[in-house]
Amino acid sequence: MKAIALTRYLPISDPESLQDVELPKPVAAGHDVLVRVEAVSVNPVDTKIRSPKPQVEAQPKVLGYDAAGVVEAVGENVTLFKPGDEVYYAGDVTRSGSDAQFQPVDERLIGRKPTTLDFAQAAALPLTAITAWELLFERMPFSIDAEHNDKTLLIIGGAGGVGSIAIQLARRAGFTVIATASRKESIDWCLSLGAQHVIDHRQPLAPQLAALGHAQVDAALNLADTDRYWGTLGEILAPQGHVGLIVEPSGPLKIGDPYKAKCIGIHWEMMFARARFRTPDMIEQHRILTRLASLIDAGELRTTHTETIGAINAANLRETHRRLESGTTIGKLVLAGW
Ligand SMILES: NC(=O)c1ccc[n+]([C@@H]2O[C@H](COP(=O)([O-])OP(=O)(O)OC[C@H]3O[C@@H](n4cnc5c(N)ncnc54)[C@H](OP(=O)(O)O)[C@@H]3O)[C@@H](O)[C@H]2O)c1
């Protein structure tokens, strides 16, 4: 089968950083389904894993943790899917990735693809949607089905992959959403997704919030830079508020006052934790993707796909990594077809 892989960890400008390769077609066993991959998306986890270092892989390493495709075969323990089903998933960062024509994936991490989306539109969603969903509705004390109409949520990094679906989920749950974005295109995108207000993360946040009449917010998602906004968030979060984090800090975080004085809940999300540690509840990701698909098919949420770069090959994947490394992408970039 065709795949895109690395053996060395090189700058993305190097044509050998990601290369077209031929690999044996995998088989499905146990709880795995074998998916024929039709479209993939790229996330910062891909570029972080691929980042330059002296390490060399003995075997080609396939990245890619967002895909949509068709079930080709099922393992002997599979009960949720059958050949021919159209699916979408993020998968498991500890296994070979989705930048390949065929990929074995544990059925408990897979959802039925929304019927109203094509493969490219569906591939944009799984990793970022699971992240935003688990953070808001499983780590933080909120619910997609509750009416949080009296609550204000600040989303730092609103136009990125995670922010683009977090804005929509938070609006669905009734929050007043204040997103951050720094450019006209990213501001317009956040507003189009439903954010009621957008402030600029290149400027101090507190005065902008005060000018909106929200000097304090009930909750915040820091989806961009944990260190940079930590001090500010301690100031602007209301007593008994909650902060959600998804980015590794560069060093220790000061979790004492004002966080302690205000009794602020600090919540970490790591969307690969369930797959990596094979937690007994890993089927929750199947349930999240299933519910997400029904909300999309009902017209309550929309895809965050913004651009299909081209077919799935090394040249297009390098271009997508390059664009993502710029830190300025809006929504999700996708590759589709082989
Ligand atoms: N823990 C987990 O489970 C998990 C899951 C997914 C992602 N992540 C991590 O979360 C981060 C965001 O992921 P993503 O997919 O949303 O990234 P992304 O799509 O690459 O985010 C791009 C956006 O980030 C915004 N941005 C750039 N610098 C910023 C800053 N200093 N402050 C606020 N926003 C800034 C840009 O907005 P403007 O152009 O408007 O400036 C741009 O639209 C990454 O570090 C990723 O590795 C963690």
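These figures come from a predicted structure and were not determined experimentally. (Residues numbered from 1 in each chain as written. Predicted model: local features only at pLDDT ≥ 70, side-chain atom pairs only at ≥ 80, totals over all residues. Heavy atoms only, no water.)

S.K.: Looking at this structure, I do not really get the site of the ligand. What am I missing?
M.R.: Around the ligand, 27 residues are found, and the nearest of them are K48, S182, R183, S186 and Y229. A distance of 3.2 Å is found between an oxygen atom of the ligand and a side-chain nitrogen or oxygen belonging to R202. For the ligand, whose unbound accessible area comes to 940 Å², protein coverage reaches 89%. Across the shell around the ligand, the residue classes break down as 13 nonpolar, nine polar and five charged. Taken domain by domain, the shell around the ligand gets at least three of its residues from each of domain 1 (2–125 + 279–336) and domain 2 (131–268). (Near = heavy atom within 4 Å. Polar contact = N/O pair within 3.5 Å; in protein donor to acceptor, adjacent residues only side chain to side chain. Areas by Shrake-Rupley, 256 points an atom, 1.4 Å probe, with all protein chains shown as cover. Nonpolar A, V, L, I, M, F, W, Y, C, P; charged D, E, K, R; others polar. Domains from an automatic or database assignment.)

S.K.: Whenever I open this one, the packing of aromatic side chains confuses me. Can you help?
M.R.: Within this structure, the stated rule accounts for four aromatic pairs. Ring geometry for Y65 and F272: centres 5.8 Å apart, planes at 80 degrees, overall edge-to-face. Here the residue Y65 occupies a position in the loop between β4 (53–61) and β5 (67–74), and F272 occupies one in the loop between β14 (265–268) and α9 (273–276), the gap between them amounting to 207 residues. For the pair Y65 and F272, a shared accessibility class is recorded, and that class is buried. The ring of F102 has K25 sitting right over it, with the charged end atom 4.4 Å from the ring centre. (Phe/Tyr/Trp six-rings, centres within 6.5 Å; stacked < 30°, edge-to-face > 60°. Helix = DSSP H or I, 4+ residues; strand = E, 2+ residues; numbered from the N terminus. Buried < 20%, exposed > 50% of the residue type's maximum accessible area, 1.4 Å probe, protein only. Lys NZ or Arg CZ within 6 Å of the ring centre and 35° of its normal.)

S.K.: Is there a simple way to explain the pattern of salt bridges in this structure?
M.R.: Two side chains bearing opposite charge may form a pair once their charged atoms approach each other closely. Counting across every chain of the model gives 23 salt bridges. Linking E72 and K25 is a salt bridge whose minimum nitrogen-to-oxygen distance equals 3.0 Å. Of this pair, E72 sits in strand β5 while K25 sits in the loop between β2 (19–22) and β3 (32–41), and the two are 47 residues apart along the sequence. One salt bridge in this structure joins D281 and R274, with 2.9 Å as the shortest N-O distance. Given a relative accessible area of 6%, R274 falls into the buried group. (Salt bridge = Lys/Arg side-chain N within 4 Å of Asp/Glu carboxyl O.)

S.K.: Quick question: what am I supposed to make of the domain arrangement of the protein chain here?
M.R.: By a widely used convention, the size of an interface equals the accessible area lost when the partners come together. Considered domain by domain, the protein chain is made up of domain 1 (2–125 + 279–336) and domain 2 (131–268). Computed from C-alpha coordinates alone, the two centres of domain 1 and domain 2 are separated by 27 Å. For the pairing of domain 1 and domain 2, the buried interface totals around 1,600 Å² over both sides, and the portion due to carbon and sulfur atoms is 60%. Ranking the residues of domain 1 by area buried against domain 2 places I288, R302 and I330 at the top, with a combined share of 34%. Across the pair E300 and R172 runs a salt bridge, and its minimum N-O distance is 2.4 Å. In this structure, the connection of domain 1 to domain 2 is made through seven residue pairs in polar contact (both at pLDDT 80 or more). Here the element with the most residues in the side of domain 1 that touches domain 2 is helix α10 (residues 284–297); it accounts for six residues. Tallied by class, residues from the side of domain 1 that touches domain 2 come to six nonpolar, six polar and five charged. (Buried area = accessible area lost by both parts, 1.4 Å probe.)

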